[in-house]
Amino acid sequence: MITYFSKTGLHRLEQKIVEQGQLVVEAGQQVGEEAGIACDWHDNFGFEEARRRLDIESGRLKTLKSLREHAQLAPLPHIDSDRVGIGSKVSFHLGEIQKSLVIGAWAETLPKSGMVAYDSPIAKLVIGMHVGEIRDVNFQGKDIEIEVISVVNDGHEYSQNLTKLYGLESND
């Protein structure tokens, strides 16, 4: 399964993999230290705790590496497109309620700024829709109509949200 990232998000994932790898090395060293020269692991609480930590840190590293194996840069919509994609600012009616959201890549969520990840339930409803399109959907257990009112694909709002999320300037 492909997981879509922004350039900044993918860079952050790669940094986390390096950092997690270091934690695994440190946990492995602690296992060796706790076993001692005699390799005393029998009834050795320190060794058992160190071994548990190594297992946890190794599992986290495996998860991050798996995520990276399936990662791709998010295909951003063309500026002239009226289709909703990652990076779009979309306004729509969900039943009687009007909403506006910016669609982010994986784990790019800033609820207060109106940015949701593309794999969130609400984003899944609008991804691929175009201005004026109406669909009958099931959202939060209710059958409801959704209509896309506008789509802006200039990347401005998305870029601003990435800057807030990651705390740095982004060229995504």
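To be clear, the structure that these remarks concern was listed above.
Residues numbered from 1 in each chain as written. Predicted model: local features only at pLDDT ≥ 70, side-chain atom pairs only at ≥ 80, totals over all residues. Heavy atoms only, no water.

Some points on the layout of surface pockets
How we decide: A pocket, in this scheme, is an open set of points on a 1 Å grid over the protein atoms alone with protein on both sides within 12 Å along at least 5 of 7 lines, while a cavity is a set where a 1.4 Å probe fits but cannot get out; residues line either one if an atom lies within 4 Å of a point. Grid points are joined across faces, edges and corners, and a volume is the space filled by probe spheres set on the points. Lys, Arg, Asp and Glu make up the charged group, whereas Ala, Val, Leu, Ile, Met, Phe, Trp, Tyr, Cys and Pro make up the nonpolar group; the residues left over, Gly among them, are polar.
Its boundaries defined by the atoms lining it, the largest pocket holds a volume of some 170 Å³. Looking at the largest pocket, the residues that line it are Phe-5, Gly-9, Arg-12, Leu-13, Lys-16, Leu-64, Leu-67, Trp-106, Ala-107, Leu-165 and Tyr-166. For the lining of the largest pocket, a count of residues per class yields 8 nonpolar, 1 polar and 2 charged.

Things to note about the nonpolar core
Selection criterion: Throughout, nonpolar core names a set of buried Ala, Val, Leu, Ile, Met, Phe, Trp, Tyr and Cys residues whose side chains join them through atoms within 4.5 Å. For every residue, the accessible area obtained with a 1.4 Å probe (protein chains only) is divided by the maximum for its type, and the residue is called buried under 20%, exposed over 50%, and partly exposed between those limits. Secondary structure elements are defined from DSSP: runs of H or I of at least 4 residues count as helices, runs of E of at least 2 residues count as strands, and each element is numbered from the N terminus. Whether two residues are in contact is decided by their heavy atoms: any pair within 4.5 Å suffices.
In this structure, Val-90, Phe-92, Ile-103, Ile-122, Val-126 and Ile-146 are the most contacted members of the largest nonpolar core, which totals 27 residues. Those elements that place two or more of their residues in this core are β3 (89–94), β4 (97–104), β5 (115–117), α3 (121–126), β6 (134–139), β7 (142–152) and α4 (156–166). The greatest single-element share of this core, amounting to 4 residues, is contributed by α3. Here Val-90 is in contact with Val-84, Lys-99, Ser-100, Leu-101, Ile-103, Val-126, Val-148, Ser-150 and Val-151, once residues within four sequence places are set aside. With 15 residues, the next largest nonpolar core counts Val-31, Ala-35, Ala-50 and Ala-71 among its residues.

Side note on the pattern of salt bridges
Rules: In the sections that follow, a salt bridge refers to a side-chain nitrogen of Lys or Arg positioned within 4 Å of a carboxyl oxygen of Asp or Glu.
Per the stated rule, a full pass over the model turns up 6 salt bridges. For Glu-157, the salt bridge goes to Lys-89, with nearest N and O atoms at 3.2 Å. Separated by 68 residues along the polypeptide, Glu-157 in helix α4 and Lys-89 in strand β3 bring together distant segments of the chain. Accessibility expressed as a relative area gives 29% for Glu-157, which makes it partly exposed. Of the charged contacts in the structure, one is a salt bridge between Arg-135 and Glu-133, with a shortest N-O distance of 3.0 Å.

Spatial relationships are all this shows, so hold off on functional conclusions.
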